[in-house]
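Understanding the architecture of this molecule
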Amino acid sequence: MKRGLIVILSGPSGVGKGTLRKRIMEESSLCLAYSISMTTRPMRIHEEEGKDYFFVSPERFQQAINQNELIEWAEFVGNRYGTPQVYVEKLRNEGKNVFLEIEIDGASQVINKYASSDLITIFLMPPSFDDLESRIRKRQTETEEVILQRLNKAQREMSLYKHYQYVVVNDKIDRAVDEIIHIISQRMTLNQPS
Ligand code: 5GP
């Protein structure tokens, strides 16, 4: 059995990664397992420990960094998020393709760490910057200053698409989901044992 691949879905904040991820994970033929991240962010209503995240204290997160337990980690709006290595490698050894839905800084760390043949890297792009701006404004309850900071960050993040193997425009959810499913199945065919 071949080891599984690491699938990274990243893109600027607010582009809709979470919605797409949930849909793609439902496609059983892709043999996907979701990588559950560690975070210092407080648990939200409807979230479950060990299903949505491993919710930890800042001290425990720092320990995970010090002991090299994380493949990557990043700070996002005041909280830390990281991908536990043991868990990802265990799933890959079971032949599963491990799905990481992570922000841009963390994705860059994974891209630099692994051979590109082990990775499927997908950058999710908004149809336009105006579209991204209205999404960010719609879902945030923040001050104009914070919104502008996020938009600034998103603009810088949008230029990073060049480092990814695939760029998918999130114009219509169904279409973008189909395109990503197609990309993953094609790469799975190439990853078959010879
Ligand atoms: P949320 O707090 O809304 O669940 O996630 C905030 C952001 O953190 C999202 O962009 C999500 O993709 C990203 N994220 C979730 N887990 C990880 C992780 O393990 N590493 C990194 N770098 N980003 C993550």
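Going by the structure above, here's the rest.
None of the values given here were measured: they were computed from a predicted structure. (Residues numbered from 1 in each chain as written. Predicted model: local features only at pLDDT ≥ 70, side-chain atom pairs only at ≥ 80, totals over all residues. Heavy atoms only, no water.)

Moving on, we come to the site of the ligand. Residues in close proximity to the ligand total 15 residues, the closest being Ser 37, Arg 41, Tyr 53, Tyr 81 and Glu 103. The side chain of Lys 17 places a nitrogen or oxygen atom 3.4 Å from an oxygen atom of the ligand. The separation between an oxygen atom of the ligand and a polar side-chain atom of Tyr 53 is 2.5 Å. At a threshold of 2 Å from the grid points, most atoms of the ligand map onto the largest pocket. If you list the elements that add at least two residues to the shell around the ligand, you get strand E5 (70-76) and strand E6 (79-84). Looking at side-chain class alone, the shell around the ligand contains five nonpolar, four polar and six charged residues. (Near = heavy atom within 4 Å. Polar contact = N/O pair within 3.5 Å; in protein donor to acceptor, adjacent residues only side chain to side chain. 1 Å grid on protein atoms, 1.4 Å probe; cavity = no way out; pocket = protein on both sides within 12 Å on 5 of 7 lines; lining within 4 Å. Sits in = over half its atoms within 2 Å of the grid points. Helix = DSSP H or I, 4+ residues; strand = E, 2+ residues; numbered from the N terminus. Nonpolar A, V, L, I, M, F, W, Y, C, P; charged D, E, K, R; others polar.)

Within the secondary structure, Gln 85 is located in helix H3 (residues 85-93). Residues Gln 85 and Leu 124, 39 residues apart in the sequence, show an inter-C-alpha distance of 24 Å.

This part takes up the layout of surface pockets. Approximately 1,100 Å³ is the volume attributed to the largest pocket. Around the largest pocket, the lining is made up of 34 residues, and of these Arg 41, Arg 44, Tyr 53, Glu 101 and Arg 139 lie nearest the centre. Sorting the residues of the lining of the largest pocket by element identifies helix H1 (17-25), E5, E6 and helix H5 (129-139) as the ones contributing at least two each. Of the residues forming the lining of the largest pocket, the biggest block, five residues, is contributed by H1. For the lining of the largest pocket, the residue count by class is nine nonpolar, 11 polar and 14 charged. Roughly 170 Å³ of volume is contained in the second largest pocket. What lines the second largest pocket is Met 1, Lys 2, Arg 3, Gly 4, Cys 31, Glu 94, Gly 95, Asn 97, Met 188, Asn 191, Gln 192 and Pro 193. Residues of the lining of the second largest pocket, tallied by class, amount to four nonpolar, five polar and three charged. (Points joined across faces, edges and corners; volume = space filled by probe spheres on them.)

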